[in-house]
Amino acid sequence: MLMPAAPDFGPMNPLVENLEETGIVEVAQHGWDRQGLIPLWFGEGDLPTPAFITEAAADAMRRGETFYTDQRGILDLRKEIAAYMNRTFDIALDTDRVSLTTGGMSSLAMAMQMILAPGDEVLVIGPIWPNIYSTVEINGGVSTHVSLSLRDDDWHLDMDELFAAVTDRTKAIFVNSPGNPTGWMIEQEQQQQILDFARERGIWIIADEVYHQLVFDRDVAPSFLQIAEDDDRLFVINSFSKSWMMTGWRLGWLTHPAALGPTVAKLVQIVTSGVPQFLHRGAIVAMRDGDHVIKQLRDRCLKGRDIVFDRLDAWPRISSARPKAAFYAFFTVDGMDDSVAACKEIIDKCNVGLAPGSAFGPSGEGYLRLCYASAPERLTAAMDALEGMLGGPKA
């Protein structure tokens with residue numbers, strides 16, 4: 001049967017039309033409806049948002065808090081975010097530097113919209129969450145890349161290589177720490193080196209610190225906010241999604257120089273017109289009363305990490321590093337050279353959904369990503385299923 005010809009809509013924006021679908025989505029579409037499949041491909045756990053958070057939002061809705069609200073978030077929530085950041089990082093952050101956004105992705109998009117002109121470069125440290133590349137491209141920018149290296153059971157950033165990759169077109173350096181997919185965590189010394197370098201050259205730093213609470217060897221990951229001045233060229237991206245199990249709420253916040261607050265408000269107005277007020281109420285309660293949620297999730301992820309890596313470390317075809325943060329296993333498989341094809345084969349043979357490393361930038365091919373923010377029994381079942389395919393001897 002002949003397929004109907006695609007309609008001719010005339011010229012479209014090539015920056016949008018030429019965007020490629022991520023390999024994660026391609027793999028998920030391959031296995032989405034499989035009966036009994038264990039889905040470990042996306043960056044979220046298997047628990048719903050805690051009831052005390054959802055009830056706060058529901059109560060606000062019942063009270064009639066369903067109208068338009070402040071573009072940058074109601075002041076009560078911005079105060080709560082500032083207080084949270086101040087006690088978490090021992091800093092003094094004012095509410096005029098905080099804006100609520102529709103998820104961390106919206107924060108990233110607005111940061112790019114504010115600083116990029118056509119042809120500007122953003123230097124990305126990878127392997128990295130794939131949406132960063134699309135966000136740069138759709139705003140007319142060009143992504144350049146420096147890769148972490150896996151050695152001595154850890155991920156390492158070569159600072160000389162990073163700084164050598166900067167050109168006269170570099171507008172920003174993008175740092176995701178703790179990192180997705182690697183779990184790499186930058187230390188304060190390297191943050192200071194990047195900040196000093198960026199200051200000298202007038203380069204922006206865009207720091208994705210969404211996983212700052214999901215660390216296993218300390219209370220919290222280092223933040224650029226702990227060493228930066230208020231007017232440094234710095235954006236810090238955060239989200240309610242991970243630590244408070246609120247992925248579907250699409251709530252994040254952007255920390256920015258105070259002078260950019262009105263610009264952020266204009267962008268919010270144009271794109272989303274703001275976050276619903278009843279969702280603000282859930283976020284306030286999460287941030288104010290949810291420290292126990294973060295601790296429980298961290299404990300759950302630590303157990304999950306060790307379940308997964310105790311098995312991976314015993315499989316001779318696998319090379320990996322047990323991460324200090326986030327909730328992903330990112331590992332190579334000896335003899336694998338097409339991670340998308342490998343993920344589809346794993347679905348077909350093992351009924352487990354993983355994410356392909358090729359989705360995470362130029363240095364990701366050859367790797368697979370597994371999210372271990374799930375119940376121990378679910379992870380054990382997944383590793384049992386994977387062992388027959390991945391646990392054998394090297395080729």
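Data block above holds the structure.
These numbers come from a predicted model, not from an experiment.

### A closer look at helix α5 (residues 103–115)
Taking 1.5 Å of rise per residue, 13 residues should cover 18 Å, and α5 covers 19 Å from first to last C-alpha, within 8% of that figure. Regarding α5, the residues found buried are Gly103, Gly104, Ser106, Ser107, Leu108, Met110, Ala111, Met112 and Ile115.

### As for the pairing of strand β12 (residues 328–333)
With respect to burial, β12 is a largely interior element, six of its six residues being buried. Alternating positions in β12 separate into two faces, Tyr328, Phe330 and Thr332 on one and Ala329, Phe331 and Val333 on the other, with burial throughout. Note that strand β11 (residues 318–319) and β12 share two bridges and pair antiparallel. Each residue of the ladder has a partner; that of Ser319, found in β12, is Thr332.

### Re the packing of aromatic side chains
One pass over the full model with this rule turns up 17 aromatic pairs. The interplanar angle of 10° and the centroid separation of 4.6 Å between the aromatic rings of Trp204 and Phe235 together place this pair among those described as stacked. Of the two residues, Trp204 sits in strand β8 (residues 204–208) while Phe235 sits in strand β9 (residues 234–239), which places them 31 residues apart along the sequence. When its relative accessible area of 0% is taken as the criterion, Phe235 is described as buried. Aromatic ring contacts, followed pair by pair, group Tyr84, Phe240, Trp244 and Trp253 into a single cluster.

### Considering the sheet that holds strand β15 (residues 367–371)
An order of β11-β12-β15-β14 is seen for the four strands of this open sheet, with the pairing classed as antiparallel. What marks the edges here is a single partner per strand, and that holds for β11 and β14 (355–356). Most of the contacts of helix α11 (residues 291–312) go to β12, to which it runs at about 10°, and overall it touches β11, β12 and β15. Contacts from helix α13 (residues 376–390) reach β11, β12 and β15, with the element oriented near 160° to β15.

### A word on the sheet that holds strand β10 (residues 252–255)
Across the sheet, which stays open at both edges, the seven strands sit in the order β2-β10-β9-β8-β7-β3-β4 with mixed pairing between neighbours. Two strands bound the open sheet, and with one partner strand each, they are β2 (98–101) and β4 (142–147). Sheet twist, expressed as the average angle between the axes of neighbouring strands with direction ignored, equals 20°. The pairing of strand β3 (residues 121–126) with strand β7 (residues 170–176) spans four bridges and is parallel. Paired with Val124 across the two strands is Phe174, which belongs to β7.

### Some words on the pattern of salt bridges
Taken as a whole and judged by the stated rule, the model has 27 salt bridges. Across the pair Asp196 and Arg199 runs a salt bridge, and its minimum N-O distance is 3.8 Å. With Asp196 and Arg199 both in helix α8 (residues 188–201), this residue pair falls three residues apart, about one helical turn. Classification of Asp196 by relative accessible area gives partly exposed; the value is 32%. The exposure class assigned to Arg199 is partly exposed, which follows from its relative accessible area of 36%. The closest approach of N and O atoms between Asp306 and Arg322, which form a salt bridge, is 3.1 Å. Taken together, the residues Asp306 in helix α11 and Arg322 in the loop between β11 and β12 connect sequence positions 16 residues apart. Here the salt bridges share partners, and the residues they tie into one network are Arg305, Asp306, Asp310, Asp313 and Arg322.

### Things to note about helix α4 (residues 75–89)
Across its 15 residues, α4 extends 21 Å between first and last C-alpha, which sits within 8% of the 21 Å expected from 1.5 Å per residue. Buried within α4 are the following residues: Leu77, Arg78, Glu80, Ile81, Ala82, Tyr84, Met85, Thr88 and Phe89. Of the surrounding secondary structure, the elements contacted by the buried residues of α4 are β2, β9, β10 and α10 (277–289). One or two residues past the end of α4 sits Asp90, with phi positive at roughly 55°.

### Overview of the nonpolar core
Counting 67 residues, the largest nonpolar core has Ile206, Phe331, Leu354, Leu370, Tyr372 and Leu386 as its most contacted members. The contact partners of Leu386, leaving out residues within four places of it in the chain, are Trp315, Ile346, Cys350, Val352, Leu354, Leu370 and Gly391. Among the nonpolar cores identified, the runner-up in size contains 62 residues, and Leu195, Val275, Ile284 and Ala355 belong to it.

### A short note on unusual backbone geometry
Looking along the chain, the bond that leaves Ser177 and enters Pro178 is cis, with omega of -10°. Note on placement: Pro178 falls in the loop between β7 and α8. The omega torsion across Asn180 and Pro181 is 20°, close enough to zero to call that bond cis. Summarising the element assignment, Pro181 is placed in the loop between β7 and α8. Of note, Asp152 is a non-glycine position whose phi angle comes to about 50°, a positive value. Following the sequence through the fold, Asp152 ends up in the loop between β5 (149–151) and β6 (154–156). Using a relative accessible area of 68% as the deciding quantity, one classes Asp152 as exposed. Phi at Met245 takes a positive value of approximately 55°, unusual for a residue other than glycine. Mapped onto the elements of the fold, Met245 is located in the loop between β9 and β10.

Rules used in this analysis
- Throughout, a residue's number is its position along its own chain's written sequence, starting from 1.
- Only residues with pLDDT of at least 70 get local features here, since the model is predicted, and only at 80 or more are side-chain atom pairs given and counted; chain-wide, interface and lining totals rely on the full set of residues.
- The basis for every side-chain value is the complete set of heavy atoms in the structure, and neither hydrogens nor water enter the calculation.
- Strands here are runs of E lasting at least two residues and helices are runs of H or I lasting at least four, both read from the DSSP assignment and numbered beginning at the N terminus.
- By this rule the span expected of a helix is its residue count minus one, scaled by 1.5 Å.
- Relative accessibility thresholds used throughout: buried, under 20% of the residue-type maximum; exposed, over 50%; partly exposed, between the two (1.4 Å probe, protein chains only).
- DSSP bridges decide pairing: two strands pair if at least two such bridges lie between them.
- Centres within 6.5 Å make a pair out of two Phe, Tyr or Trp rings, where for Trp the six-membered ring is used; the pair is then stacked when the planes are under 30 degrees apart, edge-to-face when over 60, and tilted otherwise.
- Residue contacts are defined here by distance: any two heavy atoms, one from each residue, within 4.5 Å place the two residues in contact.
- Where helices are involved, their axes are fitted lines through C-alpha atoms of the stretch in contact, as for all axes, and angles between N-to-C directions lie from 0 to 180°.
- A carboxyl oxygen of Asp or Glu within 4 Å of a side-chain nitrogen of Lys or Arg is what we treat as a salt bridge.
- For the purposes of this section, nonpolar cores are sets of buried Ala, Val, Leu, Ile, Met, Phe, Trp, Tyr and Cys residues that join through side-chain atoms within 4.5 Å.

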